[in-house]
Amino acid sequence: MPGRFNYILTPSSKEEISPEIPLPLSKHGKHWIHITAENETQLTVLFEKHKIHPLTIEDILNPNSRIKLEKFPNYIFFIFKGYQFDKNILIPKNFNFILTENQIISITLDYRDSIGDLIEDWKANHKLLARGYEFIVHKILDIETDHTLLIAQKIEERIEHFEDQIFSNSKSLDIANVYGLRGYLQNMKKGINQNKEVLEDVEKIKSHFFSDEADAFFRDVRDHSIRLLELVDSNIESISSALEAHIALSSRKTNEIMKILTIMTAVMLPMSLVAGIFGMNFRYIPTLTWSTGFHFSLGIMISIGGFMLIYFKIKRWF
């Protein structure tokens, strides 16, 4: 994975650039400039000739910037959010795009596979830029949307495993992990909704920056986003239903235990009463001198207990 990932690409070539080297810009033709931003100074140097607003640079350097589209006199700036699911942690990744009349500038804060693969295999992908830089934008957004869909499907598999654990009373059930997955899905849903809004805003300004030919491709990405939203909503509902089932089964199990303990207490109570009567410290107690008194008291206790169990069974209390 490269440490620096700054390139200017044309339909016929790609060239690595650095902050110290002026960008070889042309007023004619199409360019795609990709930058892995390291600090504000680097972006300021790189964007001197583009007249990029300082607030745009601030949004780019903030990994928590809200997904949005902004219009400036000489360019359009928008943010699209992708996701990475690594070691059970969902990591949001912002993709920043600046669209000028003849150029697209993409900026990320670290290496991204979706962009890196396009550039590394530029011989096979340069035709996209020849058709228009909107097809480069579409390619990146499409790859990231499909990747997010795969993450949602992976989470769906974990939810199914969680449901199996619930109904099999597995002792390895990790409720904290399930609540974590639901939180990830809720954050993902929020990001996808914002991505969809950006795609709708992009469609509104397509006549100024995008060709009519690209319209169907961006609608396809939006359709994938809607499908992804449906899957995420379904996963959230599945988790909520599974948690409700877990709570219901846990409550039922607790109620059964409490019922058994209550029955045992009810049966033992009259026995304790009999034992208490014969254990009182009075000098004269009837039957206290009987040779069969002990067995007689035990018989009374067993009879009372047996009668109560039969009565509870007839009442279907257990």
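These figures come from a predicted structure and were not determined experimentally.

(A) Region of the structure containing the overall build of the chain. Helix and strand counts for the chain come out as 9 helices and 7 strands. For 318 residues, the compact-globule estimate of 2.2 N^0.38 gives 20 Å, and the C-alpha radius of gyration of the chain, at 35 Å, exceeds that figure by more than 25%. Along the longest, intermediate and shortest principal axes, the C-alpha atoms of the chain span 120 × 40 × 35 Å. A sequence separation of at least 24 residues applies to 64% of the contacts in the chain between residues at least 6 apart. When the accessible surface of the chain is split by element, carbon and sulfur atoms take 56% of a total near 18,400 Å². In the chain, 36 positive and 40 negative side-chain charges are present, and the distance between their average locations comes to 8 Å.

(B) Highlighting the sheet that holds strand S2 (residues 14-16). Reading across the sheet, the 7 strands line up as S2-S1-S3-S7-S6-S5-S4 and stay open at both edges, with mixed pairing between neighbours. Taken across any chain shown, the strands that pair with only one partner, and hence form the sheet edges, are S2 and strand S4 (69-72). Looking at each pair of strands side by side, their axes are set apart by 20 degrees on average, direction ignored. On the sheet, helix H2 (residues 54-61) packs against S4, strand S5 (75-86), strand S6 (89-99) and strand S7 (103-108) and is oriented at approximately 5 degrees with respect to S5. Packed onto the sheet, helix H4 (residues 122-131) meets strand S1 (7-9), S2 and strand S3 (31-36) and runs at close to 120 degrees relative to S3.

(C) Representation of the nonpolar core in the model. Grouped together as the largest cluster of nonpolar side chains are 31 residues, with contacts concentrated most on Trp32, Phe78 and Phe97. Those elements giving two or more residues to this core turn out to be S1, S5, S6, helix H3 (113-120), H4, helix H5 (133-167), helix H6 (175-204) and helix H8 (215-278). Here this core takes 6 residues from H5, the largest share from any one element. Residues contacting Phe97, with those up to four places away along its chain left out, are Ile76, Phe77, Phe78, Phe80, Ile104, Ile105, Ser106, Val137, Ile140 and Leu141. Within the second largest apolar cluster, 24 residues are counted, among which are Leu90, Leu181, Ile239 and Leu243.

(D) The arrangement of the packing of H5 against H6 in detail. Across the interface, H5 lies against H6 with an axial gap of 11 Å and an inter-helix angle of 155 degrees. In terms of their interaxial angle, H5 and H6 are classed as roughly antiparallel. For the pair H5 and H6, the crossing hand works out as left-handed. Packed against H5, whose contacting residues are Leu141, Thr148, Ile151, Ala152, Ile155, Arg158, Ile159 and Phe162, the element H6 presents Ile175, Val178, Leu181, Leu185, Met188, Ile192 and Leu199 at the interface. Residue composition of the contact of H5 with H6, grouped by class: 13 nonpolar, 1 polar and 1 charged.

(E) Main features of H6. Counted at 1.5 Å a residue, the expected span for H6 with its 30 residues is 44 Å, and the 44 Å between its end C-alpha atoms agrees. Those residues of H6 lying buried are Val178, Leu181, Leu185, Met188, Gly191, Ile192, Gln194, Asn195, Lys196, Val198, Leu199 and Val202.

(F) Focus on unusual backbone geometry. In this model, Lys87 sits at a positive phi of 55 degrees, which is unusual for a non-glycine residue. Note that Lys87 resides in the loop between S5 and S6. The backbone of Asn88 sits at a positive phi, close to 65 degrees, despite the residue not being glycine. Position of Asn88 relative to the elements: it lies in the loop between S5 and S6. We classify Asn88 as partly exposed; its relative accessible area is 36%.

(G) Region of the structure containing the packing of aromatic side chains. On inspection of all chains with the given rule, the structure shows 5 aromatic pairs. Ring plane angle 80 degrees and centroid distance 6.4 Å describe the contact between Phe85 and Tyr184, whose orientation is recorded as edge-to-face. Separated by 99 residues along the polypeptide, Phe85 in strand S5 and Tyr184 in helix H6 bring together distant segments of the chain. A residue is classified by how much of its surface remains accessible, and Phe85, at 12% relative accessible area, is buried. Look at Phe135 and Phe217: their rings are 5.4 Å apart centre to centre, the planes differ by 75 degrees, and that puts the pair in the edge-to-face class. Separated by 82 residues along the polypeptide, Phe135 in helix H5 and Phe217 in helix H8 bring together distant segments of the chain. Judged by its relative accessible area of 2%, Phe135 is buried. The partly exposed category is assigned to Phe217, whose relative accessible area is 30%. Over the face of the ring belonging to Phe95 we find Arg112, whose NZ or CZ atom lies 4.9 Å from the ring centre.

What counts, and at which threshold
- Residues numbered from 1 in each chain as written.
- Predicted model: local features only at pLDDT ≥ 70, side-chain atom pairs only at ≥ 80, totals over all residues.
- Heavy atoms only, no water.
- Helix = DSSP H or I, 4+ residues; strand = E, 2+ residues; numbered from the N terminus.
- Rg over C-alpha atoms; globule rule 2.2 N^0.38 Å.
- Contact = heavy atoms within 4.5 Å.
- Areas by Shrake-Rupley, 256 points an atom, 1.4 Å probe, with all protein chains shown as cover.
- Lys, Arg positive; Asp, Glu negative; His and termini not counted.
- Charge placed at Lys NZ, Arg CZ, Asp CG, Glu CD.
- Pairing = 2+ DSSP bridges.
- Axes fitted to C-alpha atoms, helices over the stretch in contact; angles between N-to-C directions.
- Core = buried A, V, L, I, M, F, W, Y, C linked by side-chain atoms within 4.5 Å.
- Buried < 20%, exposed > 50% of the residue type's maximum accessible area, 1.4 Å probe, protein only.
- Parallel < 35°, antiparallel > 145°, perpendicular 65-115°, else oblique.
- Left-handed = near helix turned anticlockwise from the far one by under 90°.
- Nonpolar A, V, L, I, M, F, W, Y, C, P; charged D, E, K, R; others polar.
- Expected span 1.5 Å × (residues − 1).
- Phe/Tyr/Trp six-rings, centres within 6.5 Å; stacked < 30°, edge-to-face > 60°.
- Lys NZ or Arg CZ within 6 Å of the ring centre and 35° of its normal.

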